[in-house]
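For reference, the chains in residue letters:
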Amino acid sequence: MQKIFDNKEELARYFGDLLLKASQEKPELHIALSGGSTPKTIFEVLAKNYAKSIDWTKIRFFWGDERCVAPNDPESNFGMTREYLFDHVKTRGVNIFRVKGELTPNEALADYIRQIDENVPKLNGLPCFDMMLLGMGDDGHTASIFPHQAQLWNSKAICELAQHPETGQNRVTLSGNVINNSQQIFFLVTGGNKAEKVDEIINQKGNYKQYPAAMVDTNKTVWLMDADAANKLMK
Ligand code: 6PG
């Protein structure tokens, strides 16, 4: 399913309403957040408009992927989330399960797998997040599974170590089996630079299966896009 919004703020308000409803329906919510720049606006809107209405202490926060950097590094997805969301709403510190990017990549990988294994309910023998937020790169990657390492998608492990194709930056990422084991998956995609891949993947054009984002279970996925990202869909 796709929903298209005039701008990021409207997209964020729609997602905020969904998160509010989900948080009211369950005693606690296990959510995996996406990283990069798109979530910044969404977190800002959530912090500004939902700080009081959502009981943030009921939410257990994880990440779909993280860069192997310290939490105060500008590249850190946890650091970005803290700056744009956690510093503005009342969370429970013990409910924040971050990748410890300050460790070596292999230590961070093992530690994060342990945190997920011990704290996320299982379904079909795999961790099952209530809500999985994903972004998509303009190369068709999602989480930190890039086209040049698409084989990581089918890993039997909960998480894998990946490398950014240009910078070589080490990343810890959820595997595709865990991503697709979620109750609900939301692709949060904005910006005209994503329009071509969005069209290829949603309309299953050409060699779209080469893109990890195309491996996400469409039956559980809602694409939340701004008009720029959906520009080629509306042709
Ligand atoms: C990351 C993300 C990654 C991101 C996409 C889109 O750590 O970078 O998890 O998968 O969602 O690259 O990023 P933008 O929102 O910045 O375009």
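We now turn to the structure provided with this report. Note that the coordinates shown come from a computational prediction; the quantities given were computed from them, not determined experimentally. (Residues numbered from 1 in each chain as written. Predicted model: local features only at pLDDT ≥ 70, side-chain atom pairs only at ≥ 80, totals over all residues. Heavy atoms only, no water.)

1. Digging into the pairing of strand β7 (residues 131-134)
Now for step 1: Alternating positions in β7 separate into two faces, Met131 and Leu133 on one and Met132 and Leu134 on the other, with burial throughout.
Now for step 2: Note that strand β2 (residues 29-33) and β7 share two bridges and pair parallel. Across the sheet, Ala32 pairs through a bridge with Met132, a residue of β7.
Now for step 3: For β7 and strand β10 (residues 184-189), the ladder comprises four bridges, and the chain directions are parallel. Bridge assignment links Met131 to a residue of β10, and that residue is Gln184. (Buried < 20%, exposed > 50% of the residue type's maximum accessible area, 1.4 Å probe, protein only. Helix = DSSP H or I, 4+ residues; strand = E, 2+ residues; numbered from the N terminus. Pairing = 2+ DSSP bridges.)

2. A look at the nonpolar core
Now for step 1: Of all hydrophobic cores here, the largest spans 74 residues; its most connected members are Phe15, Leu19, Trp56 and Phe61.
Now for step 2: Counting residues per element, this core draws most heavily on helix α1 (residues 8-25), at six residues.
Now for step 3: For Phe61, the residues in contact, after removing those within four places along its chain, are Ile31, Leu33, Trp56, Leu85, Phe86, Thr91, Asn95, Ile96 and Phe97. (Core = buried A, V, L, I, M, F, W, Y, C linked by side-chain atoms within 4.5 Å. Contact = heavy atoms within 4.5 Å.)

3. Thoughts on the sheet that holds β2
Now for step 1: In space, the six strands of this open sheet follow the order β1-β11-β10-β7-β2-β3, with parallel pairing throughout. Both edges of this open sheet fall to β1 (2-5) and β3 (59-63), since each of them pairs with a single strand only. Averaged over all neighbouring strand pairs, the angle between strand axes comes to 20°, with direction disregarded.
Now for step 2: Both β10 and strand β11 (residues 221-226) contribute to a ladder of five bridges, which runs parallel. Bridge pairing links Phe186 to Val222 in β11.
Now for step 3: Packed on one face of the sheet, helix α4 (residues 105-119) meets β2 and β3 and runs near 150° to β3. (Axes fitted to C-alpha atoms, helices over the stretch in contact; angles between N-to-C directions.)

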